[in-house]
Amino acid sequence: MKKMVTLVLALALAMSGASALACTGFYVGKQASTSGATIIGHTVDAFTYAQALAKVVPSVENTPGRTLNTFSSVEYPLPDTTFQYTSTPFNDGRWDGGTANSNGVAVSAAVTCSTTKEIAELDPRVRDGGLAEAFLCALVGATATSARNAVEIMGDYIYKYGNAECNSILIADQNEAWVMETYTGHEWCAVKMPEDCVAVYGNQFMIGAVDPQSEDVMCSPKLFSMPEEAGLAVYTEDGFMDLFATYAGGKLGDNSNRRTWYGHVLFAPSTAGEYATETRYDFFYQPDEKVSLKDVLEMTRSRFEGTEFDPDANDLIGMRIIGVENQINCNAIEVYDNLPADMACVTWSCMANAEHSVYLPMSNLITDTAAAFHYVNPVGSDPAEHPVGSCDENMAHFNFKRLCTLSEQDRVNYGAGVRAYWNDVENALIAEYPDILAKTLAIYGVDKEAAAAYITDYTIRVQEKALEDAKLMYDELLWYMITNTKTTQDPAELVPFQPSILEVEEEAAETAEAA
């Protein structure tokens, strides 16, 4: 029976795969967050059959002659010494999604965007070897010493080898945070993000008018001259080039712009207003209240609840929301400025769909993850070559993904209990993690290796427990579905699924709260 269900799920996942990468990016400045940490991240919305991983890439010292795998003809030379970093890749190690290295440099990439045809023709993208999200997070993780340096490294790569894609990239360290947009084969711009603001955005460029003389702006040499010479430049009243209007044509699409608007609804409802396709919503804005990590994680699950665009309440087929079912994983990276750099970053990583999965913490100080979280299926994940390639129970991602798949067939009767359980687990982790960091820091002051061992052991225990929970809930939910699949049964009489461990978790939470 289990093998048959596995095959059915594999075929369903393969047929529902997205044809392109399309994600939602987000940022919370340190002055706008309740914890005082900077938060960057994005939902990795892509192919539903991809394999998500969570792993540690160790440092390498004094080893010349190495190159970075760019999955192309370019052999990019690495320095003799590279840095350790945590990573959340998918597809056998490509598309790292987010990395955080021992220098406290975090990068989350990428949100796919697009330029106008006229701009693209001026400077065609370099498909073979240009900077691409398949490897750019690894490049930054291995080599960057600061967020600004990360921008410089990517800019230098584009200068030498070109750029392959139109991307929005978020980078942060303990001192500052940047967003970098890559437009054409060689043109890009990066701006420093304000510490007292937040941002949520869909698949569209967001940088508008910039002052090229500002210390808070970095860009390619011909960013302004190329469109100006071609007669395509658009300027604001104060004489600065509007990059969005110039490179993206000022075009706003509902699928992306509505997500940008909904970020305002969630974090600054007093100023959001009614949605309008033609409204160009601010990239950065001050939230009505400081934003917590939990607020951010819930945003990645959101389905436009409370609005006319809620697909469940309004029976809207095909509505592009934030919490889509084809999320491979999602990452929210906190960067603390009051911790040593090599333990300043915490990546909260969620396997599969955020809606019916759980975010688990990974400090950049850890040296390993649970075996199932970095296990790679040896036959690969391409359904064209291996129809059941992703269906490997040794792989953490598959166990979370199949639970999400069942949960989202009926969000009320199947998924609500699963979501309630993960919510309790996630809240408990968020509540206890500051103490874990404090204990790690205390050990770090005496023995750095012992501190790394302590927080690594904690991380692995948390991951292994979550994996056990996912397996148990999947089995219980599948049995619930089997026993309640009756054509003669009145759906109104169906008692929603409740995991056996939900009551235990809620009792533990009540006990902890009372204490």
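Residues numbered from 1 in each chain as written. Predicted model: local features only at pLDDT ≥ 70, side-chain atom pairs only at ≥ 80, totals over all residues. Heavy atoms only, no water.

## As for the overall build of the protein
In step 1: If you tally the helices and strands in the protein, you get 13 helices and 16 strands.
In step 2: Its C-alpha atoms give the protein a radius of gyration of 23 Å, within 12% of the compact-globule value 24 Å for 515 residues.
In step 3: Counting only C-alpha atoms, the protein reaches 70 × 55 × 50 Å along its principal axes.
In step 4: Taking all 515 residues of the protein together, 57% fall into the buried category.
In step 5: Taking all contacts inside the protein whose residues are at least 6 apart in sequence as the whole, residues at least 24 apart take part in 69%.
In step 6: Taken as a whole, the protein presents about 20900 Å² of accessible surface, with 52% of it coming from carbon and sulfur.
In step 7: Considering the protein, the positive charge centre built from 32 side chains and the negative charge centre built from 73 side chains are found 4 Å apart. (Helix = DSSP H or I, 4+ residues; strand = E, 2+ residues; numbered from the N terminus. Rg over C-alpha atoms; globule rule 2.2 N^0.38 Å. Buried < 20%, exposed > 50% of the residue type's maximum accessible area, 1.4 Å probe, protein only. Contact = heavy atoms within 4.5 Å. Areas by Shrake-Rupley, 256 points an atom, 1.4 Å probe, with all protein chains shown as cover. Lys, Arg positive; Asp, Glu negative; His and termini not counted. Charge placed at Lys NZ, Arg CZ, Asp CG, Glu CD.)

## What to know about the environment of Tyr-285
In step 1: Inspection of the secondary structure assignment puts Tyr-285 in the loop between helix 8 (269–272) and helix 9 (293–299).
In step 2: Look at Tyr-285 and you get buried, because its relative accessible area is 7%.
In step 3: Along the primary structure Tyr-285 and Phe-267 are separated by 18 residues, whereas in three dimensions their C-alpha atoms are 9.1 Å apart.
In step 4: If sequence neighbours within four positions are ignored, Tyr-285 has contacts with Cys-197, Val-198, Ala-199, Val-200, Gly-263, His-264, Phe-267 and Ala-268.
In step 5: A polar contact of 3.3 Å, which involves the side chain of Tyr-285, links it to the backbone nitrogen of His-264. (Polar contact = N/O pair within 3.5 Å; in protein donor to acceptor, adjacent residues only side chain to side chain.)

## Section: the nonpolar core
In step 1: Formed by 92 residues in total, the largest nonpolar core has its most connected members in Phe-90, Phe-373, Phe-400, Trp-422 and Leu-477.
In step 2: Each residue touching Phe-373, except ones within four places of it in the same chain, is listed here: Leu-53, Ala-54, Met-351, Leu-360, Ala-396, Phe-400, Gln-463 and Leu-467.
In step 3: Counting 36 residues, the second largest nonpolar core, distinct from the first, contains Ile-119, Cys-166, Tyr-201 and Met-206. (Core = buried A, V, L, I, M, F, W, Y, C linked by side-chain atoms within 4.5 Å.)

## Remarks on the pattern of salt bridges
In step 1: The full count for this structure, using the stated rule, is 20 salt bridges.
In step 2: Across the salt bridge formed by Arg-301 and Glu-298, the nearest N and O atoms sit 2.7 Å from each other.
In step 3: Judged by relative accessible area, which is 27%, Glu-298 ranks as partly exposed.
In step 4: Glu-355 is the salt-bridge partner of Arg-411, the closest N and O atoms lying 2.7 Å from each other. Of this pair, Arg-411 sits in helix 11 (residues 411–444) while Glu-355 sits in the loop between strand 15 (345–351) and strand 16 (359–363), and the two are 56 residues apart along the sequence.
In step 5: Counted as one network, the salt bridges with shared partners bring together Lys-294, Glu-298, Arg-301, Arg-303, Asp-312, Glu-325, Glu-355, Arg-411, Arg-419 and Glu-426. (Salt bridge = Lys/Arg side-chain N within 4 Å of Asp/Glu carboxyl O.)

## Focus on the sheet that holds strand 14 (residues 327–335)
In step 1: If you walk across this open sheet you meet the six strands as 12-1-2-14-15-16, and the pairing is antiparallel. The strands lining the two open edges of the sheet, one partner per strand, are strand 12 (198–201) and strand 16. This sheet shows a mean twist of 15° between the axes of neighbouring strands, independent of strand direction. (Pairing = 2+ DSSP bridges. Axes fitted to C-alpha atoms, helices over the stretch in contact; angles between N-to-C directions.)

## Overview of the environment of Gln-31
In step 1: Mapped onto the elements of the fold, Gln-31 is located in the loop between strand 1 (24–28) and strand 2 (38–45).
In step 2: The exposure class assigned to Gln-31 is partly exposed, which follows from its relative accessible area of 46%.
In step 3: Taking C-alpha positions, Gln-31 is 32 Å from Arg-461, a pair spaced 430 residues apart along the chain.
In step 4: Residues in contact with Gln-31, not counting those within four places in the same chain, are Glu-195, Asp-196 and Lys-290.

## Digging into the confidence of the model for the protein
In step 1: Chain-level pLDDT for the protein is 92 on average; 92% of the residues reach the 70-or-more range.
In step 2: Segment residues 1–20: pLDDT under 50, and 32 contacts once partners within four positions in sequence are set aside and those in other chains are kept. (pLDDT = per-residue confidence, 0-100.)

## Comments concerning the pairing of strand 8 (residues 106–112)
In step 1: Counting buried positions over the seven residues of strand 8 gives six, a clear majority of the element.
In step 2: Counting the residues in the hairpin turn of strand 7 (residues 98–101) and strand 8 gives four residues, including Gly-104, whose phi is positive at 75°.
In step 3: Two elements, strand 8 and strand 9 (residues 167–172), share five bridges in a ladder whose sense is antiparallel. Paired with Val-107 across the bridge in strand 9 is Ile-171.

## Quick word on the layout of surface pockets
In step 1: Quantified by volume, the second largest pocket comes out at close to 280 Å³.
In step 2: Along the walls of the second largest pocket sit 20 residues, with Val-57, Leu-68, Asn-69, Tyr-85 and Ala-138 positioned nearest its centre.
In step 3: Of all the elements in the fold, those that place two or more residues in the lining of the second largest pocket are strand 3 (55–57), strand 4 (67–69) and helix 3 (136–143).
In step 4: Looking at the lining of the second largest pocket element by element, the count peaks at three residues for strand 4.
In step 5: Grouping the amino acids of the lining of the second largest pocket by side-chain chemistry returns twelve nonpolar, four polar and four charged. (1 Å grid on protein atoms, 1.4 Å probe; cavity = no way out; pocket = protein on both sides within 12 Å on 5 of 7 lines; lining within 4 Å. Points joined across faces, edges and corners; volume = space filled by probe spheres on them. Nonpolar A, V, L, I, M, F, W, Y, C, P; charged D, E, K, R; others polar.)

## Quick notes on the sheet that holds strand 11 (residues 188–192)
In step 1: One open sheet accounts for eight strands, arranged 3-6-7-8-9-10-11-13; its pairing is antiparallel. Looking at strand neighbours, the two that pair on one side only are strand 3 and strand 13 (217–219), the edges of this open sheet. Taking each pair of neighbouring strands and ignoring which way they run, the sheet shows an average axis angle of 20°.
In step 2: Note: strand 3 against strand 6 (residues 85–87), three bridges, orientation antiparallel. Bridge pairing in strand 6 places Lys-55 opposite Ser-87.
In step 3: Where helix 4 (residues 147–161) meets the sheet, its contacts fall on strand 9, strand 10 (177–182), strand 11 and strand 13, and the angle it forms with strand 10 comes to roughly 15°.

## Considerations on unusual backbone geometry
In step 1: Of the consecutive residues Ala-109 and Ala-110, the connecting peptide bond is found in the cis state with omega at 5°.
In step 2: Relative to the elements of secondary structure, Ala-110 occurs in strand 8.
In step 3: With phi around 55°, Phe-71 is a residue other than glycine that occupies positive phi space.
In step 4: Note that Phe-71 resides in the loop between strand 4 and strand 5 (75–77).
In step 5: The exposure class of Phe-71 is partly exposed, given its relative accessible area of 33%.

## Digging into the packing of helix 11 against helix 12 (residues 448–483)
In step 1: Direction vectors running N to C along helix 11 and helix 12 enclose 175°, while the axes themselves pass 11 Å from each other. One element, helix 11, and the other, helix 12, form an angle in the roughly antiparallel class.
In step 2: In terms of residue class, the contact of helix 11 with helix 12 is built from 22 nonpolar, two polar and five charged. (Parallel < 35°, antiparallel > 145°, perpendicular 65-115°, else oblique.)

## A word on the pairing of strand 14
In step 1: With nine of nine residues buried, strand 14 is to be regarded as a mostly interior element.
In step 2: Both strand 2 and strand 14 contribute to a ladder of eight bridges, which runs antiparallel. Paired with Gly-41 across the strands is Ala-332, a residue of strand 14.
In step 3: Inspection of the sheet shows strand 14 paired to strand 15 by seven bridges, in the antiparallel sense. Residue pairing across strands places Ile-333 opposite Thr-347, the latter belonging to strand 15.

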